[in-house]
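Below, each chain spelled out in residue letters.
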Amino acid sequence: MEQLRQIIRDVPDFPQKGIVFKDITPLLSDAQSFRKAIDYMAAPLKSREFDALIGIESRGFIFAAALAYELGKGHIPVRKPGKLPADTVQVSYELEYGSDTLEMHADAVEAGQRIVIVDDVLATGGTARGVADLVEKVGGKVEALSFLIELDFLKGRDKLTDYDICTVLNY
Ligand code: AMP
């Protein structure tokens, strides 16, 4: 766990002044660290019954795809607008500054399916909350949310009190 903490690089003032960006690219390029990260994220999900994982564009895809392979589940991409080719459902949500929109294929989640939502970082929780709303809008159930990193001081959990949250590294 300490090895993972050390390999994640803090980049100050990215993408804007005052934000300390958690850069996971050194972790991804180190085979042993990436494998460990996936093992830690997979562990609490092994005992859960669910149908598929959602990866949130774009770093969420990396973790969700590896977890899908490890856990024997499907991977559903949630993307920025205009990227998915078939009919989509959309959600817009508030960020710290401004708002954002994400899309999912309208037929990707069937009513009653249990879904695990995956991203690299839980910050303010706005993105994860938006995706949880999207899953519920099409009749799915959020089984859990899984993040490699949680930035505790941004209190993202406060927006996600209805859900089980699994994180590996807390800052
Ligand atoms: P939020 O909606 O505030 O929880 O932001 C979550 C999204 O923004 C995730 O997809 C993260 O990848 C990204 N993000 C937010 N803050 C950071 C940060 N300090 N370092 C790296 N990624 C971040």
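Since the structure is predicted, the reported quantities are computational estimates derived from the model, not experimental observations.

Thresholds applied
- Residues numbered from 1 in each chain as written.
- Predicted model: local features only at pLDDT ≥ 70, side-chain atom pairs only at ≥ 80, totals over all residues.
- Heavy atoms only, no water.
- Helix = DSSP H or I, 4+ residues; strand = E, 2+ residues; numbered from the N terminus.
- Buried < 20%, exposed > 50% of the residue type's maximum accessible area, 1.4 Å probe, protein only.
- Polar contact = N/O pair within 3.5 Å; in protein donor to acceptor, adjacent residues only side chain to side chain.
- Contact = heavy atoms within 4.5 Å.
- Near = heavy atom within 4 Å.
- Areas by Shrake-Rupley, 256 points an atom, 1.4 Å probe, with all protein chains shown as cover.
- 1 Å grid on protein atoms, 1.4 Å probe; cavity = no way out; pocket = protein on both sides within 12 Å on 5 of 7 lines; lining within 4 Å.
- Sits in = over half its atoms within 2 Å of the grid points.
- Nonpolar A, V, L, I, M, F, W, Y, C, P; charged D, E, K, R; others polar.

Asks: When you look at the side chain of Thr 124 in this model, what are you seeing that I'm missing?
Replies: Within the secondary structure, Thr 124 is located in the loop between β7 (114-122) and α5 (126-137). Relative accessible area serves as the criterion here: at 15%, Thr 124 is assigned to the buried category. Here the side chain of Thr 124 touches Gly 126 through a polar contact of 3.4 Å, landing on its backbone nitrogen. Ignoring sequence-local partners within four residues, the contact set of Thr 124 consists of Glu 96, Leu 154, Lys 155, Gly 156 and Lys 159.

Asks: Explain the site of the ligand to me, please; I cannot follow it from the model alone.
Replies: Around the ligand lies a shell of 13 residues, among which Arg 59, Asp 119, Asp 120, Thr 124 and Thr 127 are the nearest. Between the ligand and the protein, one listed contact pairs an oxygen atom with a side-chain N or O atom of Asp 120 at 2.7 Å. Separating an oxygen atom of the ligand from a backbone N or O atom of Gly 125 is a distance of 2.7 Å. Protein chains bury 83% of the 480 Å² of accessible surface belonging to the ligand in isolation. Judged by the proximity of its atoms to the pocket grid, the ligand belongs to the largest pocket. Mapped onto the shell around the ligand, the elements with two or more residues apiece are β2 (20-23), β7 and α5. When the residues that make up the shell around the ligand are grouped by side-chain class, the tally is five nonpolar, four polar and four charged.

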